[in-house]
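Working through the structure, step by step
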Amino acid sequence: MSTAETVIGATKTMVLNMGPQHPSTHGVLRILLELDGETVVKAVPDIGYLHTGIEKSCEDKTYSQVITLTDRIDYLNPLGNNLVYCLAVEKLLGLEVPKRAQYIRVLMVELQRISSHLVWLGTHAIDLGAMSVFLYCFREREEILNIFEMFAGQRMMTSYIRIGGVALDPPTGWRQAVEKFLRMMPSRVDEYETLLTQNPIWIGRTKDIGYISPEDAIALSMTGPTLRAAGVAYDNRKVFPYSSYQEFNFNVPTRTESDCYARYLVRVAEMRESLKIVRQAMDKITDEGPIKAEAPGIIPPQREKMKTEMEALIYHFKIFTEGFSPPPGEAFVTVESPRGELGCFVASDGSPKPLRVHFRAPSYINLQALPRLVEGRLIADVVACIGTIDIVLGEVDR
Amino acid sequence: MTESSNQKASVVAECLRSWNPQAISEIIEFRGETTIVVPRELLRPAAGRCRADAKLQFNLLTDATCVDRYPVGPRFELNYHLVSIPRRDKVRLQVRVSGDDPVVDSLVPVWPGANWLEREIFDLFGIRFSGHPDLRRILLPDDWEGYPLRRDYPVEGFRDVPSTGELFRKSSTL
C-alpha cells in the first residue's frame, strides 16, 4: 500500500479512487485511476489489504501443519494449493505417491478447476450486467461443493490432499455422484454459452477489450488462460506434467485474439476439457488400493495399526509432536491452477519446520499487467479487465 | 538426479561459461533441479544472457524469492526461477547477498515481470534492487517498521498488541 499522490501527479487530469470496497474488484483491490474525461491515462493497483503473512506463519509450523494454511491462500482453489505444497514437500523428501492417490488428486483438482471457472464466469458476467449467468453458475458450483463434502467432509477448506497421498479413501457412492455431475454438466455449459457467446451486449463489452500481445504477456510473466488466449499454449499439465497428467488425454484450448472475449472462450473450453479429464480419472481410480505412500515416520500410520502395533504408535506420536525433517535443500514445483502457473518453493534446513515457504501466486503476477490492459481505454472497460484476469485477492495478498 | 537433468544443466552451464568464465560460482543439483549460483555483480548480464541466448531462451521469469539463512552467512539467497517456453526447460539462478549490504541489480530491464516480484522481496526482506523503476512497499503499509520475513523478526511481531479480551475488559469497565 502506498501514497498514490506521489505516483499520479498530472494536473489537468482527475484521479479517481476505485475500491477497495468496489463490487467489481472481487475482494479488496484498490486501483487509482488517472482519468482524462472517460479515458484512463494511468492505473496504479494498490494491494495488501488482505495480507495475513501466511508465508511467515509457515515458518512456525511443522510441514504437515502448513497444509491448512495453504487452503486459505486462493480460496477458490484450495485443493490446487494443497496439491502444489504437497508436491513440493514430496519432492524434498523424494517420496513417490501411489498411482491411485495421484488419480484421486487429478479428479479433485479438475473438479476444483471447473468450480473456480464457474465462480469466475458468474462474477465476470454479473460485473458486465448479465445477472442470470451468475445464478446458473452458482447452482452448478453447489453440486461440485457437495462432491467435495462427500470426499473431504468440507465444502471449501478441504485440506484433502496430504503429504504422501490424500486424507481419506473415496466415500461410498462417490462414483454415482461424480457420474451424475458429468452427465449433467456438458448441457449446463451449453446453457451458459447460449446466454453469452452470441449475445451482442456481451460481445460489445468484451471483444477487442484488454488486448495484450503474446510477447508482452510473457515479458510480464503472465500465465494461465490469459497467456493461452494470446496464442501461447503454455500449460503446466502438458509442459511439465505432474501427478500423472501425461497419462491423460486432453487438449489445451488457445485463441489468438488476446482480448476479454478470447479469454472467456478459453475458460469455457477449459471447463469442457476438465470434464474429459474427470471422466478419465474416474475410470483410472480402482476400487481398492493405497491412498498414501509407505513412509514410516513421515506418513501417519493407519488407525488400526496405530492401535495394535508398537512401532506404528511411536511413529504416530513422533509425527504429531515433533514432525519430520526433510534433508536440507530446496524444491520448486509448479502446477496449473485455474488462474495460471501456481508455484510453491520450499526450503528446508533439516529441521522439522520449513525454513521458507513461498507461493508463486498467479493472481498477484497477472494483476501486475492490469495497467497495460486498461491504459488508453474507457473507464467501463476497467471492470471487464479486472474480471478477465480472474484475480482472487486472498492469493494476491497472501 | 536423472541423466537428462544432468545434460540440461550442462547446456546452461556451458553457455554461461563460454560467455564469461567467471559467470558461475557453483552448480547445485538437488532432486532433479538445477541451481546455478551467479556472483552478485554478474547477475543482470547473466540473466540477460539466459534470456537472449538462442540455445537457452529463458523467456519467462516465473518467480523470484528470497531465503534468509540468518545467522549463517552470507545471509540472503535470492532465487530466480526461469522457464523456457520454447525449450520446455527450467533453471534456478541464485545470488548470495550478505546482510550488511543487501543490494542487488534489478532484473526489470531484462524481464518487466520482475517488477512486483522484486517489490515483494524489498517489502518483506528489505533487499534493495538498484535500477528498479518503482521500489516501494507493496503488501505492507508504507510506515511499517522492519522486514517481517527476516528470520530475526518474530512470528508474533515486535509490538505488544493487546488481546481482544483485554480490550473488552477495558471498554466494559469504563
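Residues numbered from 1 in each chain as written. Chains lettered and ligands numbered in written order. Predicted model: local features only at pLDDT ≥ 70, side-chain atom pairs only at ≥ 80, totals over all residues. Heavy atoms only, no water.

Bringing the overall build of chain B into the picture now. Summing up its helical and strand segments, chain B has four helices and seven strands in all. Along chain B, helices and strands appear, N-terminal first, in the series α-β-β-α-β-β-β-β-α-β-α. Residues counted as buried form 49% of the 174 residues belonging to chain B. Put simply, 50% of the contacts in chain B that link residues at least 6 apart link residues at least 24 apart. For chain B, the accessible area works out to roughly 8,400 Å², and carbon and sulfur atoms hold 52% of it. (Helix = DSSP H or I, 4+ residues; strand = E, 2+ residues; numbered from the N terminus. Buried < 20%, exposed > 50% of the residue type's maximum accessible area, 1.4 Å probe, protein only. Contact = heavy atoms within 4.5 Å. Areas by Shrake-Rupley, 256 points an atom, 1.4 Å probe, with all protein chains shown as cover.)

Next up on the list: the interface of chain B and chain A. Of the residues lining the interface, 48 residues belong to chain B; the matching set on chain A comes to 52 residues. Across the chain B to chain A interface the summed buried area is about 4,200 Å²; carbon plus sulfur atoms make up 56%. Of all residues in chain B, Arg31, Trp116 and Leu139 of chain B bury the most surface against chain A, accounting for 17% of the area lost on that side. Summed over the shared surface of chain B and chain A, the number is five salt bridges. (Buried area = accessible area lost by both parts, 1.4 Å probe. Salt bridge = Lys/Arg side-chain N within 4 Å of Asp/Glu carboxyl O.)

Here the focus is the environment of Lys180 of chain A. Residues and elements named next belong to chain A. Relative to the helices and strands, Lys180 resides in helix 6 (residues 174–196). The class of Lys180 is exposed, set by a relative accessible area of 58%. Sequence-wise, Lys180 and Glu143 are 37 residues apart; in three dimensions their C-alpha atoms are separated by 9.6 Å.

With that settled, the discussion passes to the packing of aromatic side chains. Taken as a whole, this structure holds twelve aromatic pairs over all chains when the rule is applied. Between Tyr245 of chain A and Phe250 of chain A the ring centres are 6.1 Å apart and the planes differ by 65°, which places this aromatic pair in the edge-to-face class. For the pair Tyr245 of chain A and Phe250 of chain A, a shared accessibility class is recorded, and that class is buried. Both rings, one in Tyr364 of chain A and one in Trp116 of chain B, keep their centres 5.5 Å apart while their planes meet at 55°; by these two values the pair is tilted. Separated into two different chains, Tyr364 of chain A in helix 14 (residues 362–367) and Trp116 of chain B in helix 3 (residues 114–125) make up a pair that spans both. Given the relative accessible area of 6%, Trp116 of chain B is considered buried. Taken together, the ring pairs connect Tyr103, Tyr242, Tyr245, Phe248 and Phe250 of chain A into an aromatic cluster. (Phe/Tyr/Trp six-rings, centres within 6.5 Å; stacked < 30°, edge-to-face > 60°.)

Buried together is how nonpolar side chains tend to be arranged in soluble globular proteins. Counting 167 residues, the largest nonpolar core has Tyr85, Leu107, Tyr160 and Ile163 of chain A together with Leu78 and Tyr80 of chain B as the members making the most contacts within it. Per-element tally for this core: the top contributor is helix 4 (residues 99–127) of chain A, with twelve residues. With residues near it in sequence (within four places) discarded, Tyr85 of chain A still touches Tyr63, Val66, Ile67, Thr70, Ile163, Cys344, Val346, Val357 and Phe359 of chain A. Within the second largest apolar cluster, five residues are counted, among which are Phe332, Phe345 and Leu355 of chain A together with Val67 of chain B. (Core = buried A, V, L, I, M, F, W, Y, C linked by side-chain atoms within 4.5 Å.)

Let us now look at the sheet that holds strand 1 (residues 14–18) of chain A. All names here are of chain A. The strand order across the open sheet formed by three strands is 1-2-3, and the pairing between neighbours is antiparallel. What marks the edges here is a single partner per strand, and that holds for strand 1 and strand 3 (39–46). Between one strand axis and the next, the sheet turns through 20° on average, direction left out of account. (Pairing = 2+ DSSP bridges. Axes fitted to C-alpha atoms, helices over the stretch in contact; angles between N-to-C directions.)

A separate point is the side chain of Arg150 of chain B. With respect to the secondary-structure elements, Arg150 of chain B resides in the loop between strand 7 (128–130) and helix 4 (164–173). Despite being buried, Arg150 of chain B has no salt bridge partner; Asp68 of chain B is the closest side chain of opposite charge, sitting 5.5 Å away. At 2.7 Å, the side chain of Arg150 of chain B forms a polar contact with the backbone oxygen of Phe125 of chain B. Apart from residues no more than four positions distant in its own chain, Arg150 of chain B is found in contact with Lys56 of chain A together with Asp68, Arg75, Phe76, Pro102, Leu124, Phe125 and Gly126 of chain B. (Lys, Arg positive; Asp, Glu negative; His and termini not counted. Polar contact = N/O pair within 3.5 Å; in protein donor to acceptor, adjacent residues only side chain to side chain.)

On to the pattern of salt bridges. Once their charged atoms are close, side chains differing in charge can pair, the charge on each being opposite to the other. All names here are of chain A. This structure, assessed with the given rule, holds 49 salt bridges over all chains. Residue Glu193 is joined to Arg272 by a salt bridge in which the shortest nitrogen-to-oxygen separation is 2.8 Å. Residue Glu193 is found in helix 6, and its partner Arg272 is found in helix 11 (residues 260–284); the two are separated by 79 residues along the sequence. Look at Glu193 and you get partly exposed, because its relative accessible area is 22%.

The next subject is the pairing of strand 6 (residues 329–337) of chain A. Residue and element names in this part refer to chain A. Counting buried positions along strand 6 gives nine out of nine residues, so the element sits mostly inside the fold. Residues Gly329, Ala331, Val333, Val335 and Ser337 line one face of strand 6 and the alternating positions Glu330, Phe332, Thr334 and Glu336 line the opposite face, and both faces are buried. In this structure, strand 6 lies alongside strand 7 (residues 340–348), joined through nine bridges in antiparallel fashion. Of the residues in strand 7, the one forming a bridge with Glu336 is Glu341. A loop of two residues connects strand 6 with strand 7, the two strands running antiparallel in sequence.

Below, the discussion takes up the environment of Glu311 of chain A. Within the fold, Glu311 of chain A resides in helix 13 (residues 310–321). Separated by 83 residues in sequence, Glu311 of chain A and Gly394 of chain A have C-alpha atoms that sit 41 Å apart.

Our focus in this paragraph is the confidence of the model for chain B. For chain B, per-residue confidence averages 84 on the pLDDT scale, and 88% of positions sit at 70 or higher. Interface confidence for the predicted complex, expressed as ipTM, amounts to 0.85; the pTM equals 0.89. (pLDDT = per-residue confidence, 0-100.)

All names here are of chain A. Using the criterion set out here, one finds zero disulfides over all chains in the structure. Not part of a disulfide, Cys58 finds its nearest cysteine sulfur in Cys344, a span of 8.1 Å. Distance from the sulfur of Cys86, which forms no disulfide, to the nearest cysteine sulfur (Cys344) is 9.1 Å. (Disulfide = S-S within 2.5 Å.)

Below, the discussion takes up the sheet that holds strand 6 of chain A. The pairing of strands in a sheet happens through backbone hydrogen bonds and is either parallel or antiparallel. Residue and element names in this part refer to chain A. What the three strands build is an open sheet, ordered 6-7-8; its pairing is antiparallel. Every interior strand has two partners, whereas the edge strands, strand 6 and strand 8 (356–360), have only one. Averaged over all pairs of adjacent strands, the angle between strand axes in this sheet comes to 15°, irrespective of strand direction. As paired elements, strand 7 and strand 8 share five bridges and run antiparallel to each other. Paired with Val346 across the two strands is Val357, which belongs to strand 8.

Here we come to unusual backbone geometry. With an omega of 5°, the peptide bond running from Tyr70 of chain B to Pro71 of chain B counts as cis. With respect to the helices and strands, the residue Pro71 of chain B is situated in the loop between strand 3 (60–68) and strand 4 (76–84). Non-glycine residue Ser244 of chain A carries a positive phi angle of around 60°. In this structure, Ser244 of chain A sits in the loop between helix 10 (236–239) and helix 11. What makes Ser244 of chain A buried here is its relative accessible area of 4%. Located in the positive-phi region is Asp390 of chain A, a residue other than glycine, with phi close to 60°. Note on placement: Asp390 of chain A falls in the loop between helix 16 (379–389) and helix 17 (393–397). For Asp390 of chain A, a relative accessible area of 5% translates into the label buried.

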